[in-house]
Amino acid sequence: MTSTWRHIGLHGHNVGTFTLDNTSINWRSATSNTKIEIATNKVLSANFTPFGPVGHLVVTTSNPKSEKQALRFDGFRPSDYEKLKDVFNDAYEVILTRKSYCSAGASFGVTD
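All of the points below concern the structure found in this document. (Residues numbered from 1 in each chain as written. Predicted model: local features only at pLDDT ≥ 70, side-chain atom pairs only at ≥ 80, totals over all residues. Heavy atoms only, no water.)

Considerations on helix α1 (residues 81-92)
Counted only if it meets this: Only runs of H or I of at least four residues qualify as helices and only runs of E of at least two qualify as strands under DSSP, and these elements are numbered from the N terminus. Expected helix span is given by 1.5 Å per residue-to-residue step, counting one fewer step than there are residues. Classification of residues uses two cut-offs on accessible area relative to the type maximum, computed with a 1.4 Å probe and protein chains only: under 20% is buried, over 50% is exposed, and between them is partly exposed. The directions from the helix axis to the C-beta atoms are what the arc is built from.
Helix length check: α1 (12 residues) gives 15 Å between terminal C-alpha atoms against 16 Å at 1.5 Å per residue, within 8%. Along α1, the residues that are buried comprise Tyr81, Leu84, Val87, Phe88, Ala91 and Tyr92. What you see down the axis of α1 is that its buried residues fit within an arc of 130°, all on one side. Of the residues one or two after α1, Glu93 is the one with positive phi, at around 55°.

Structure representation (structure tokens):
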């Protein structure tokens, strides 16, 4: 199963093409030679945050130094959550969690 989204930005880079398949997550820039490939066994967790008309996907991976790395992909539609959730569950055996934030900042911090 391969799913592709266009005009998805990798945080800190331009937009590109985001592809999920059974073996990896791939992102390729539309304007440069930048390419990211994450093997299925390197995906530790993922969460999706709808924020207005767009959704953000954060994928936490392990790297060769046994450190965690979070990659943020921007530009999904909030309705893409269901399709992303199915692919992450089936292909990567990772539960895609949905996080909601208040744009007014009320969801930041914990009070005593």
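Text resumes after the structure shown.
Let's talk about unusual backbone geometry
The bulk of non-glycine residues show a negative phi, and the bulk of peptide bonds are trans. For His7, which is not glycine, the phi torsion reads 65° and is therefore positive. With respect to the helices and strands, the residue His7 is situated in strand β1 (residues 3-10). Even without a glycine there, the phi angle at Glu93 is positive, about 55°. One can find Glu93 in the loop between α1 and β8 (96-98).

Let's talk about the pattern of salt bridges
Test applied: When a carboxyl oxygen of Asp or Glu is within 4 Å of a side-chain nitrogen of Lys or Arg, the pair counts as a salt bridge.
In this structure the tally under the stated criterion is 3 salt bridges. Across the pair Arg77 and Asp80 runs a salt bridge, and its minimum N-O distance is 3.4 Å. Owing to a relative accessible area of 7%, Asp80 belongs among the buried residues under this scheme. We note a salt bridge from Lys85 to Glu82, for which the minimum N-O separation is 3.4 Å. Of this pair, Lys85 and Glu82 both sit in helix α1, 3 residues apart, which is roughly one turn of the helix. Judged by relative accessible area, which is 29%, Lys85 ranks as partly exposed. Take Glu82: its relative accessible area is 43%, and that puts it in the partly exposed class.

Any functional reading would require information that these geometric values do not contain.
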